[in-house]
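Observations on the model geometry
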Amino acid sequence: MKKPYRRAALALLAGVALPFSAFAQNGGAQDAGTASTTKGATAETVTTQLPRSVRPSHYDITFTPDAKAMTFAGKAAITVDVVEATSTITLQAADLAIARAALATKAGRKAGAPTVSLDEKAQTATFTFAKPIAPGSYVLSIDYTGKINTQAFGLFALDYKAADGTQKRALFTQFENSDARRFMPSWDEPFYKATFDLKAVVPTEEVAVGNLPVASRKDQGNGRTLVTFGTSPKMSTYLLFFGLGDFERKTKIAGDTEVGVLTKKGDLAQADYALNASADLLPWMNSYFGEKYPLPKLDHIAAPGRSQFFSAMENWGGIFYFENAMLLDPKIASNALRERIFTVVAHEMAHQWFGDLVTMSWWDDLWLNEGFASWMEGRATEKFHPEWHPELTALGSRELAMGQDAYVTTHPIIHHIATVEEASQAFDSITYSKGEAVIRMLEAYAGSEGWQKGVQAYMGRYKHSNTVTDDLWREIDKSSGKPISQIAHDFTLQPGIPLVKVTAACAAGSTTLALEQGEFTRDRADKQPLSWRVPVRAAAVGGAEAETLLQGKGALKVAGCGPVVVNAGQSGYYRVLYDAKTFAGLAKGIASVQPVDQLGILNDAVALGYAGNQPMADMLDLVKNLPANASPQVLERATKVIGGLAEFTDGNAKRKTALSRFASARLLPVLNTLGWAPKADEPATAGDLRATLIETLGDLGEASVVAQARRLFADPASIDPSVKVAVLTVVAKNADAATWDKLHQMAKEETSAQVKTTLYSLLGRANDPALAGKALALSLTDEPGVTTSPVIVSAVGTEHPEQAFDFVLANYDAVMSRVDVSGATRYVGRLAAGSADPAMVGKLDAYAKARLAAGSRRPVDETIAKIQDRVKVGQTRLPEVDAWLAKQGY
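Residues numbered from 1 in each chain as written. Predicted model: local features only at pLDDT ≥ 70, side-chain atom pairs only at ≥ 80, totals over all residues. Heavy atoms only, no water.

**A few points about the overall build of the protein**
When you go through the protein residue by residue, the secondary structure sums to 27 helices and 29 strands. Taken against the 2.2 N^0.38 rule, which gives 29 Å for 890 residues, the C-alpha radius of gyration of the protein at 28 Å falls within 12% of a compact globule. Overall, the C-alpha framework of the protein stretches about 90 × 65 × 55 Å when taken along its three principal axes. Expressed as a percentage of its 890 residues, the buried residues of the protein come to 61%. For the protein, the accessible area works out to roughly 31500 Å², and carbon and sulfur atoms hold 53% of it. (Helix = DSSP H or I, 4+ residues; strand = E, 2+ residues; numbered from the N terminus. Rg over C-alpha atoms; globule rule 2.2 N^0.38 Å. Buried < 20%, exposed > 50% of the residue type's maximum accessible area, 1.4 Å probe, protein only. Areas by Shrake-Rupley, 256 points an atom, 1.4 Å probe, with all protein chains shown as cover.)

**Here's the deal with the sheet that holds strand S25 (residues 534-540)**
Taken in spatial order, the three strands make up an open sheet running S26-S25-S28, and their pairing is antiparallel. The open sheet terminates on both sides in strands that have one partner only, identified here as strand S26 (545-550) and strand S28 (564-566). Across the sheet, the mean angle separating the axes of adjacent strands is 20° when strand polarity is ignored. Sheet topology note: the S25/S28 ladder contains three bridges and is antiparallel. What sits directly across from Ala-539, in S28, is Val-565. (Pairing = 2+ DSSP bridges. Axes fitted to C-alpha atoms, helices over the stretch in contact; angles between N-to-C directions.)

**Things to note about the sheet that holds strand S6 (residues 115-119)**
Across the sheet, which stays open at both edges, the three strands sit in the order S3-S7-S6 with antiparallel pairing between neighbours. The outermost strands of the open sheet, each flanked by one partner alone, are strand S3 (86-92) and S6. Sheet twist, expressed as the average angle between the axes of neighbouring strands with direction ignored, equals 25°. Where S6 lies against strand S7 (residues 124-133), five bridges are found, and the strand directions are antiparallel. Considered in S7, the bridge of Ser-117 is made with Thr-126.

**A closer look at the environment of Leu-140**
Checked against the element boundaries, Leu-140 lands in strand S8 (residues 136-147). Overall, Leu-140 belongs to the buried group, its relative accessible area being 0%. When the C-alpha atoms of Leu-140 and Trp-363 are compared, they prove to be 27 Å apart, with 223 residues separating the residues in sequence. Apart from residues lying up to four places away in sequence, Leu-140 is in contact with Ala-76, Ala-77, Ile-78, Ile-89, Leu-91, Ala-102, Leu-103 and Phe-127. (Contact = heavy atoms within 4.5 Å.)

**Considering the state of the cysteines**
Tallied over the full model, the rule gives one disulfide. Covalent S-S linkage joins Cys-506 and Cys-561, the inter-sulfur distance amounting to 1.5 Å. Taken together, the positions of Cys-506 in strand S23 (residues 497-507) and Cys-561 in the loop between strand S27 (553-559) and S28 put the pair 55 residues apart, joining distant regions of the chain. (Disulfide = S-S within 2.5 Å.)

**Considering the side chain of Asp-267**
You can see Asp-267 is positioned in the loop between strand S17 (257-264) and helix H1 (272-289). Within the structure, Asp-267 has its side chain in polar contact with the side chain of Lys-264 (distance 2.7 Å). Here Asp-267 is in contact with Glu-248, Glu-323 and Leu-327, once residues within four sequence places are set aside. (Polar contact = N/O pair within 3.5 Å; in protein donor to acceptor, adjacent residues only side chain to side chain.)

**Some remarks on helix H21 (residues 789-799)**
Every α-helix carries 3.6 residues per turn, so stepping three or four residues along brings you back to the same face. Within H21, nine of the eleven residues are buried, which leaves it mostly tucked inside the rest of the structure. Burial in H21 covers these residues: Ser-789, Pro-790, Val-791, Ile-792, Val-793, Ala-795, Val-796, Gly-797 and Glu-799. Residues of H21 that are buried in the fold lie against helix H17 (724-733), helix H19 (753-762), helix H20 (769-779), helix H22 (801-810) and helix H24 (824-831).

Put into structure tokens, the structure is as follows:
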């Protein structure tokens with residue numbers, strides 16, 4: 001699953017055995033063993049929330065959705081193996097009513113009609129028989145009913161306005177992590193793989209899509225058709241998929257596979273980009289993984305609406321996307337949108353191997369899915385779009401991870417998951433972005449050839465089964481001949497970020513680097529630093545290289561006496577703190593440093609400056625000294641550094657004026673050179689820089705930028721699509737009442753679902769609190785659409801976190817009814833993440849105590865940690881910025 005975003009201590013990895021009854025609504029682990037480090041995990045060792053006596057092998061599901069009534073009826077015939085005599089069969093079920101159940105042998109002999117009891121809190125159904133069931137194979141038949149949801153969990157509906165103006169409703173499923181149980185009674189855990197036959201009775205005129213191609217259609221009369229899909233390979237329940245609606249489909253053949261795209265009618269042309277990318281990617285991934293994609297088709301399905309927590313889902317053979325992650329709308333087409341679509345498609349396709357073909361045994365090892373899919377999207381970009389410089393993009397992902405990993409509220413990549421809610425919260429920056437960064441580091445250390453051989457051996461050995469992380473490490477240890485597992489354990493089984501302190505001295509024509517390892521943290525200064533085995537690579541600027549595996553203290557010698565970059569190439573997951581003289585030399589010669597290292601040095605200087613390890617002047621000197629012809633991505637990061645400082649100007653007019661003058665002096669010439677529309681010969685990533693410059697300068701009140709944005713807004717059709725969102729953002733943030741009303745009218749009249757949602761979200765970006773209040777009130781109406789309303793509230797939270805937070809608490813049930821159930825505990829805490837008000841700490845804590853279970857408050861604690869840090873930064877670090885700006889004459 002591709003998510004736009006993001007505490008367990010090491011002790012949790014040891015696991016505990018807890019009684020099943022001890023867990024509330026989302027259930028707890030019946031056996032919380034150390035699955036992540038167990039060799040050859042089996043049904044007896046992998047964590048489960050169910051008794052181990054019965055296991056499924058095949059599901060035959062027939063269901064009839066009633067989209068108008070928002071209900072469905074289902075019949076399940078589940079082939080099970082009873083491995084030890086038992087009087088009960090317990091499986092997972094949520095929001096289902098069971099009308100009838102029966103058990104028979106596979107030959108059809110009745111084995112009893114059980115009584116049924118449902119446990120709402122544990123999300124289980126238990127079938128109790130009059131006498132014990134002997135070991136053997138049986139078919140458990142269940143008739144049941146369920147509800148169709150309005151948010152992306154279980155079977156859900158999305159409403160939209162068709163091109164002809166009529167209202168339409170499409171149905172989709174979303175089961176990760178633990179919502180297949182809302183669609184069918186099932187062993188809804190990743191280890192319990194089975195094959196699936198899915199049949200649906202649907203309106204004849206609508207298009208049904210599943211994991212496999214349609215095997216048959218049978219008329220049922222009264223405008224209904226029984227659609228039967230092909231039998232799936234063995235897979236986990238969370239990968240089952242069904243979609244139904246007024247769709248169009250287009251296909252291409254890629255090797256032996258039919259690749260398809262499905263959209264609502266009228267949007268098919270916007271899916272061409274994703275279709276072509278998919279057709280290119282599939283043969284390449286077949287080759288890379290050494291295992292051919294095993295299904296006959298691979299569809300990409302675009303759905304209207306939004307989720308607050310994910311963009312797409314890797315259902316095997318039927319990948320689901322929200323439209324903004326798959327369709328290239330010409331109204332807002334930009335390189336950034338093309339890159340987003342390509343990388344999301346590549347991410348979800350990588351899951352067809354990492355996650356679908358080979359699946360983690362339990363959610364402890366979720367990173368085997370998400371970290372590796374994130375890494376693979378970068379490898380795919382290197383192959384097909386090197387002009388986007390994915391090596392620079394990867395550093396943005398690494399910064400996202402370090403932004404979470406530097407606080408005490410972080411968690412290891414591999415950490416024990418005890419409940420469904422904890423599994424939902426594991427879809428964060430540590431799992432995705434730290435996972436990706438650690439893989440990049442390990443691949444660089446192992447060598448790309450040895451790494452790929454290990455991945456191929458892993459895929460070949462474990463296809464159609466489940467694994468733990470050490471299963472992969474053993475293969476790469478063998479293929480690379482290096483101690484990958486030792487390094488990997490250091491970075492995946494404990495939290496935090498290594499800090500490599502560097503002191504350089506030159507003698508006899510060589511530079512000796514004295515290295516000392518510590519730990520980088522924003523709020524754990526009194527803690528004993530952890531220790532890692534850190535692959536360190538150093539390179540003289542334009543010259544020799546050297547590398548070592550650092551643990552504790554060490555040294556490296558590099559030929560020459562010029563500036564030396566540590567973490568050269570930026571593949572390592574660690575911060576670098578240079579001695580003052582060495583840093584000054586790098587800053588002075590920054591123009592001669594490779595772009596990836598310019599970006600890495602700047603990122604470290606920013607993080608270390610904010611944390612108090614390095615003067616804030618260092619990062620500002622770098623921003624000032626970057627050459628005018630620096631990579632667009634490096635200049636974009638420098639722009640965002642200035643934009644980040646703007647967050648600390650509220651209530652400080654003198655600081656805002658000085659920072660705005662610096663921003664205009666440093667950035668306006670760059671924008672003027674780029675212009676407000678693309679040039680034929682500019683780098684592919686220049687458009688991203690252009691948009692960031694417009695938004696940042698507009699946010700800081702640069703008069704010429706705000707004026708130009710308003711001039712363009714007078715004739716929206718004149719705005720180049722590549723900067724349309726940026727221009728409208730400047731207009732929205734600086735809006736008066738009349739401008740806000742015009743944006744609102746544009747949103748109501750917009751026919752593109754993707755642009756419509758964007759316009760509604762921009763209504764929440766107004767700097768004026770009164771206009772933000774109007775946006776909040778609008779979010780509680782039916783006008784924006786149920787999946788767009790939470791986006792508006794989040795947009796207000798970006799500019800007015802305290803206002804958004806207070807609004808949600810005052811309208812809690814109304815707001816939360818529009819938020820995905822799987823992400824509800826994360827939603828409210830994130831609204832306040834941009835606050836610098838100390839009072840928010842108490843308000844957040846009170847909210848968590850009143851509304852959240854003790855094990856569900858980690859997102860709130862993360863927000864509290866960031867607010868406390870932001871307050872500290874404002875008090876202790878920003879005075880250095882003020883002094884630097886004054887010294888520069890701003």
